[in-house]
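Letter by letter, the chains look like this.
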Amino acid sequence: MSFWQDNDFRIDPWGEGYGTPVSFENDEEEDLDVEVDISVEGRGWASITPISESRNPDRLVFIDGRRRIDCLLVGRNENDVLYGAFGTIGVGAVEVFPNSTNAANYNAIEIQRVLSFSGDFKGEPSQNALIPCPVGSSSSIEYTLHKSLLKREADPQASKAQIQALMRRSETRLAQSLANELSDIDELIILDGNLFSRLEKVLGYVKTLRKQYLTGEKSSLLWNLKPGERTPIFTIGKEDRDLLWSWYIRSGTNDINYQRLGFHGLHGIIRLEMNVSGTPLEEAKRIADISTTLIPRFASHPARDPRAPQNLIPVGALEKELGRRMGDSKLIQRYINNFLQSG
């Protein structure tokens with residue numbers, strides 16, 4: 001019998017958006033023990049408006065990734081529950097030229113289809129899955145089994161989390177590869193999300209505020225920031241090798257009154273970060289000043305993107321292109337269902 005029949009894997013009908021009907025999981029506390037130093041720029045804690053606008057980089061490269069769970073699986077080994085997922089990962093870049101009228105270009109787009117499992121299986125999932133499409137034809141979709149996506153402890157969230165982690169590693173690998181090719185200071189790479197490794201020459205763009213690094217009176221500055229202003233630079237981290245420069249700006253434009261639209265007072269607040277390693281403070285100040293005026297230029301409009309102004313226009317376009325190349329999710333799910341039923 002096949003690995004799929006041995007472990008009686010079936011599609012979880014609830015899908016990703018509703019969790020899973022069988023869930024034996026433990027809550028994990030988020031690590032909030034991070035040291036913050038707000039004195040690094042050597043000035044009072046007040047908003048900063050760049051005095052003279054720095055010259056924009058000639059070339060910007062935005063990097064982003066999408067991950068989609070095509071199917072969640074639930075299996076059985078005797079009385080133990082197993083979990084799995086078919087996932088699709090899309091990672092790529094789009095380059096734009098702020099000082100010219102050259103059109104934006106997509107670059108280095110990669111689509112991966114992967115398998116992830118957690119639990120004590122019967123046998124080893126040792127081969128990739130070839131999903132016929134349509135059934136009976138010679139064409140197929142291949143999902144690759146990554147050993148790094150196997151976990152022996154049954155965890156309903158592990159399959160999704162491991163695919164998410166693989167996407168982040170793919171983004172980081174692409175960002176590092178493109179950063180290694182940089183030869184001009186008039187180029188800047190912007191990674192949508194946190195910097196999870198010691199990437200140099202890369203600006204991390206964090207549009208979701210998950211941690212409150214500033215507290216008390218220091219955090220009150222965020223509520224009053226205006227487009228074109230930034231906070232002083234501060235550092236985040238415990239060890240010298242892992243320190244990050246960071247600062248907040250407010251994205252969007254003054255002609256859109258987000259408060260009148262009913263949005264939260266911190267709506268539009270973005271946190272940016274760069275690794276201290278390889279980036280002197282004066283260079284970090286230069287990039288912080290550039291970001292203060294440059295980022296709002298690429299802010300999306302609330303009439304076109306519900307994540308406006310945080311989700312940048314080039315990133316939104318890249319997300320759509322990645323989604324197009326990832327294929328129709330309902331059609332692919334139908335192919336996978338046929339594959340599992342056929343054994």
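Predicted, not measured: the structure shown is a model, and the values here were computed from it. (Residues numbered from 1 in each chain as written. Predicted model: local features only at pLDDT ≥ 70, side-chain atom pairs only at ≥ 80, totals over all residues. Heavy atoms only, no water.)

**A closer look at the pattern of salt bridges**
When charged atoms on two side chains of opposite charge get close, those side chains can pair. To be explicit about the condition: Salt bridges are identified by distance alone: a Lys or Arg side-chain nitrogen within 4 Å of an Asp or Glu carboxyl oxygen. Residue burial is assigned from relative accessible area. The probe radius is 1.4 Å, only protein chains are included, and a residue is buried under 20% of its type maximum, exposed over 50%, and partly exposed in between.
Under the counting rule described, the total for this entry stands at 17 salt bridges. In this structure, Asp 8 and Arg 10 form a salt bridge, with 2.9 Å as the shortest nitrogen-oxygen distance. Overall, the relative accessible area of 53% leaves Arg 10 in the exposed class. Asp 70 is the salt-bridge partner of Arg 68, the closest N and O atoms lying 2.6 Å from each other. There is no split in this pair, since Arg 68 and Asp 70 are both buried. Through salt bridges with shared partners, a single network forms among Glu 41, Arg 43, Arg 230 and Asp 289.

**Here's the deal with the side chain of Ser 118**
What counts here: To qualify as a helix, a DSSP run of H or I must reach at least 4 residues; to qualify as a strand, a run of E must reach at least 2; elements of each kind are numbered from the N terminus. Counted as a polar contact is a pair of N or O atoms within 3.5 Å, where, for protein atoms, one must be capable of donating a hydrogen and the other of accepting one, and residues adjacent in sequence contribute only when both atoms are in side chains. The contact criterion used throughout is that any non-hydrogen atoms of two residues lie within 4.5 Å.
Along the chain, Ser 118 falls in strand S5 (residues 105-118). In terms of polar contacts, Ser 118 uses its side chain to reach the backbone carbonyl oxygen of Asp 155, at 3.0 Å. Setting aside chain neighbours within four positions, we find Ser 118 in contact with Leu 82, Tyr 83, Lys 151, Glu 153, Ala 154, Asp 155, Ala 158 and Ser 159.

**Quick look at the pairing of strand S7 (residues 140-151)**
Selection criterion: When DSSP finds two or more bridges between two strands, those strands count as paired.
The sheet contact formed by S5 and S7 spans four bridges and is parallel. Its bridge partner lying in S7, Phe 117 is registered against Leu 150. Two elements, strand S6 (residues 129-132) and S7, share four bridges in a ladder whose sense is antiparallel. Following the sheet pairing, Ala 129 is matched in S7 by Tyr 143.

**Overview of the environment of Phe 298**
When you line up the elements, Phe 298 lands in the loop between helix H4 (281-297) and helix H5 (313-326). Looking at Phe 298, the relative accessible area reads 13%, which means it is buried. Along the chain, Phe 298 and Ile 313 lie 15 residues apart, while their C-alpha atoms are 5.6 Å from each other. If we ignore the near neighbours within four places in the chain, the residues touching Phe 298 are Leu 60, Phe 62, Val 96, Pro 98, Leu 312, Ile 313 and Pro 314.

**Comments concerning the pairing of strand S8 (residues 187-192)**
Moving residue by residue along a regular strand, the side chains alternate between the two faces of the sheet. Within S8, five of the six residues are buried, which leaves it mostly tucked inside the rest of the structure. With four bridges joining them, S8 and strand S9 (residues 202-206) adopt parallel strand pairing. Directly across from Ile 189, in S9, lies its bridge partner Val 202.

Geometric values such as these leave the question of function open.
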